[in-house]
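Listed below are the residues making up each chain.
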Amino acid sequence: MDRPARAAASAPGKVILFGEHAVVYGEASLSLAINRRTRVQGEPRPDATTVNGYPLDTVHHGYIHQALRAGWQGGPLRLETHSDIPSASGVGSSAALSVATVAVLQRLRGEATDPRQVALGAFETEFETQGAASPNDTTVSSAGGGVLLAPRALDLPGVQPLWEIHRGERRWAAHRVRLPSLPLVVATCARKSRTSEQVAKVRRFVEHNAFGRDVVKEIGRITLEGLHALDRGDLRRVGQLMNRNHECLHTLGVDSPELARLIDAARKAPGTFGAKITGAGGGGSIVVLTEEPEEARRILEPLSLHAFVVQPDLHGVLIEA
Ligand code: PMV
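Structure report, in brief. No experiment lies behind these values; they were computed from the predicted model shown. (Residues numbered from 1 in each chain as written. Predicted model: local features only at pLDDT ≥ 70, side-chain atom pairs only at ≥ 80, totals over all residues. Heavy atoms only, no water.)

1. What to know about the overall build of the protein chain
Each helix and strand in the protein chain was counted, giving nine helices and 13 strands. Expected size for 321 residues packed as a compact globule is a radius of gyration near 20 Å; at 19 Å, the protein chain falls within 12% of this value. Dimensions along the principal axes, computed over C-alpha positions, put the protein chain at roughly 55 × 45 × 40 Å. Out of the 321 residues in the protein chain, the part that is buried amounts to 56%. Of the contacts made within the protein chain by residues no fewer than 6 positions apart, 74% connect residues no fewer than 24 positions apart. (Helix = DSSP H or I, 4+ residues; strand = E, 2+ residues; numbered from the N terminus. Rg over C-alpha atoms; globule rule 2.2 N^0.38 Å. Buried < 20%, exposed > 50% of the residue type's maximum accessible area, 1.4 Å probe, protein only. Contact = heavy atoms within 4.5 Å.)

2. Thoughts on the pairing of strand β8 (residues 170-177)
Summarising the sheet, strand β6 (residues 146-150) and β8 pair through five bridges and their orientation is antiparallel. Across the sheet, residue Ala150 finds its bridge partner in β8, namely Ala173. A loop of two residues connects strand β7 (residues 159-167) with β8, the two strands running antiparallel in sequence, and Gly168 in this loop sits at a positive phi of about 55°. (Pairing = 2+ DSSP bridges.)

3. Details of the site of the ligand
In the vicinity of the ligand, 14 residues are found, and the nearest of them are Lys14, Ser134, Asp137, Thr195 and Ala280. Contact between the ligand and Asp137: an oxygen atom at 2.7 Å from a side-chain N or O atom of the residue. Here Ala280 contributes a backbone N or O atom positioned 2.8 Å from an oxygen atom of the ligand. Counting atoms within 2 Å of the grid points, the majority share of the ligand lands in the largest pocket. (Near = heavy atom within 4 Å. Polar contact = N/O pair within 3.5 Å; in protein donor to acceptor, adjacent residues only side chain to side chain. 1 Å grid on protein atoms, 1.4 Å probe; cavity = no way out; pocket = protein on both sides within 12 Å on 5 of 7 lines; lining within 4 Å. Sits in = over half its atoms within 2 Å of the grid points.)

4. Comments concerning the layout of surface pockets
Approximately 1,100 Å³ is the volume attributed to the largest pocket. Forming the walls of the largest pocket are 45 residues, and the residues nearest its centre are Tyr63, Ala88, Ser93, Ser94 and Gln130. Contributions of two or more residues to the lining of the largest pocket are made by β1 (7-18), α1 (62-71), β5 (77-83), α2 (93-108), α3 (115-130), α4 (136-143) and α5 (195-208). The volume enclosed by the second largest pocket comes to roughly 220 Å³. Surrounding the second largest pocket, 17 residues form its lining, Leu32, Leu179, Pro180, Pro312 and Leu314 being those nearest its centre. Looking at the lining of the second largest pocket, the elements with two or more residues in it are β8 and β12 (306-310). Classifying every residue of the lining of the second largest pocket gives eleven nonpolar, four polar and two charged. (Points joined across faces, edges and corners; volume = space filled by probe spheres on them. Nonpolar A, V, L, I, M, F, W, Y, C, P; charged D, E, K, R; others polar.)

5. Observations regarding the packing of helix α6 (residues 212-232) against helix α7 (residues 235-252)
For the pair α6 and α7, interaxial distance at closest approach is 9 Å and the crossing angle is 165°. Classified by the angle their axes make, α6 and α7 are roughly antiparallel. The chirality of how α6 crosses α7 is left-handed. Packed against α6, whose contacting residues are Gly212, Val215, Val216, Glu218, Ile219, Ile222, Glu225, Gly226, Ala229, Leu230 and Arg232, the element α7 presents Arg237, Val238, Leu241, Arg244, Asn245, Cys248, Leu249, Thr251 and Leu252 at the interface. (Axes fitted to C-alpha atoms, helices over the stretch in contact; angles between N-to-C directions. Parallel < 35°, antiparallel > 145°, perpendicular 65-115°, else oblique. Left-handed = near helix turned anticlockwise from the far one by under 90°.)

6. Comments concerning the nonpolar core
Formed by 95 residues in total, the largest nonpolar core has its most connected members in Val15, Phe18, Leu184, Leu252 and Leu300. Tallying contributions element by element places α2 first for this core, with nine residues. (Core = buried A, V, L, I, M, F, W, Y, C linked by side-chain atoms within 4.5 Å.)

7. Structural notes on the sheet that holds strand β9 (residues 184-188)
Strand order in the open sheet formed by four strands is β10-β11-β9-β12, with antiparallel pairing between adjacent strands. Of all the strands in the sheet, the pair left with one neighbour each is β10 (272-278) and β12. Adjacent strand axes in the sheet meet at a mean angle of 20° when their direction is disregarded. Along the sheet, helix α8 (residues 257-268) makes contact with β9, β10 and β11 (285-290), crossing β10 at roughly 165°. Contacts from helix α9 (residues 293-300) reach β9, β11 and β12 within the one sheet, and its direction differs from that of β12 by about 170°.

8. What to know about the packing of α1 against α2
Contact geometry for α1 and α2: axes closest at 9 Å, N-to-C directions at 35°. Crossing geometry of α1 relative to α2 is assigned as right-handed. When α1 is examined against α2, the residues Tyr63, Ile64, Ala67, Leu68 and Gly71 are found in contact with a partner set consisting of Ser94, Leu97, Ser98, Thr101, Val102 and Leu105. Here the contact of α1 with α2 is built from residues that sort into seven nonpolar, four polar and no charged.

9. Some thoughts on empty space enclosed by the protein
Taken as a whole and judged by the stated rule, the model has one cavity of 30 Å³ or more. Every residue along the wall of the largest cavity is listed here: Leu156, Pro157, Gly158, Val177, Arg178, Leu227, His228, Leu230 and Asp231. Take the lining of the largest cavity: its biggest share by element is four residues, from α6. Residues belonging to the lining of the largest cavity are distributed by class as follows: five nonpolar, two polar and two charged.

10. Some thoughts on the pattern of salt bridges
Tallied over the entire structure, the rule returns 22 salt bridges. Salt-bridge contacts for Arg6 lead to Glu43; the nearest nitrogen and oxygen are separated by 3.6 Å. Of this pair, Arg6 sits in the segment before β1 while Glu43 sits in strand β2 (residues 29-44), and the two are 37 residues apart along the sequence. Classification of Arg6 as partly exposed rests on a relative accessible area of 43%. A relative accessible area of 19% places Glu43 in the buried class. (Salt bridge = Lys/Arg side-chain N within 4 Å of Asp/Glu carboxyl O.)

Take a look at the structure:
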């Protein structure tokens with residue numbers, strides 16, 4: 001394949017329906033790519049690499065810097081990014097940026113786009129940049145649609161194996177999941193969420209509390225029960241399980257007053273089946289499953305930085321030029 005003079009790729013954000021944090025300890029997680037994307041464009045330039053017109057900076061452009069370090073031996077690049085995914089808010093902005101950047105570099109190297117290779121490269125990028133991560137967000141962003149991550153390949157109704165991911169001793173099996181239509185709303189609080197800090201906080205909790213592991217295992221059980229409820233199309237049960245998953249995240253210490261206020265308002269809204277944190281927590285976002293998404297969005301909007309109805313995005317990484 002020829003090396004193009006310019007490449008562009010986009011990748012979606014995600015919501016985690018069940019299993020954040022527990023997935024870091026080898027439990028299952030279930031996520032859905034959403035109709036908000038990050039687009040990256042790249043082309044050679046004569047002198048130093050720039051991002052959106054600014055010199056590449058290891059602090060401000062950590063993910064891009066890491067992706068270049070691992071996957072680019074060519075000369076300087078002009079990179080432009082554009083995103084409608086709220087940043088540092090638990091809806092997968094860093095994963096989408098990593099996925100789209102890795103895909104652009106793959107194209108500029110003259111290689112065909114392979115979502116699995118992109119997912120693996122983007123996971124390495126996130127892991128090296130954040131210090132700890134599961135391949136959850138980068139897999140969903142690369143594959144699109146519904147994705148179940150589990151410690152081994154599972155043979156379950158509505159679930160098909162996608163690919164496996166290894167890192168050191170750890171191993172994850174990614175699966176494609178057929179999900180029913182899910183009326184979901186995301187509400188983001190003003191406080192940003194740093195995934196690495198929240199992951200470290202949960203690690204301290206799990207290491208210092210005898211029942212920490214039990215909470216993590218409980219989240220794993222909820223995820224698999226949620227998968228079955230989704231397969232039956234039983235949204236009422238899915239909502240109850242989302243509430244239970246949220247209580248576990250609260251116990252792990254990643255709830256916050258801002259998130260609790262949003263959860264409370266969401267649960268009081270007419271038509272709500274359930275609501276939970278999505279992503280690392282501490283700040284960031286909640287996801288609400290509701291019969292009346294427009295009404296929930298209207299109620300949450302004045303309390304949030306962003307409140308929006310989400311649609312699934314069945315496309316993962318897309319080459320756009
Ligand atoms: O980066 P976020 O906020 O979407 O959270 C990712 C999910 C975690 O389980 C908290 C971390 C991980 O790497 O799986």
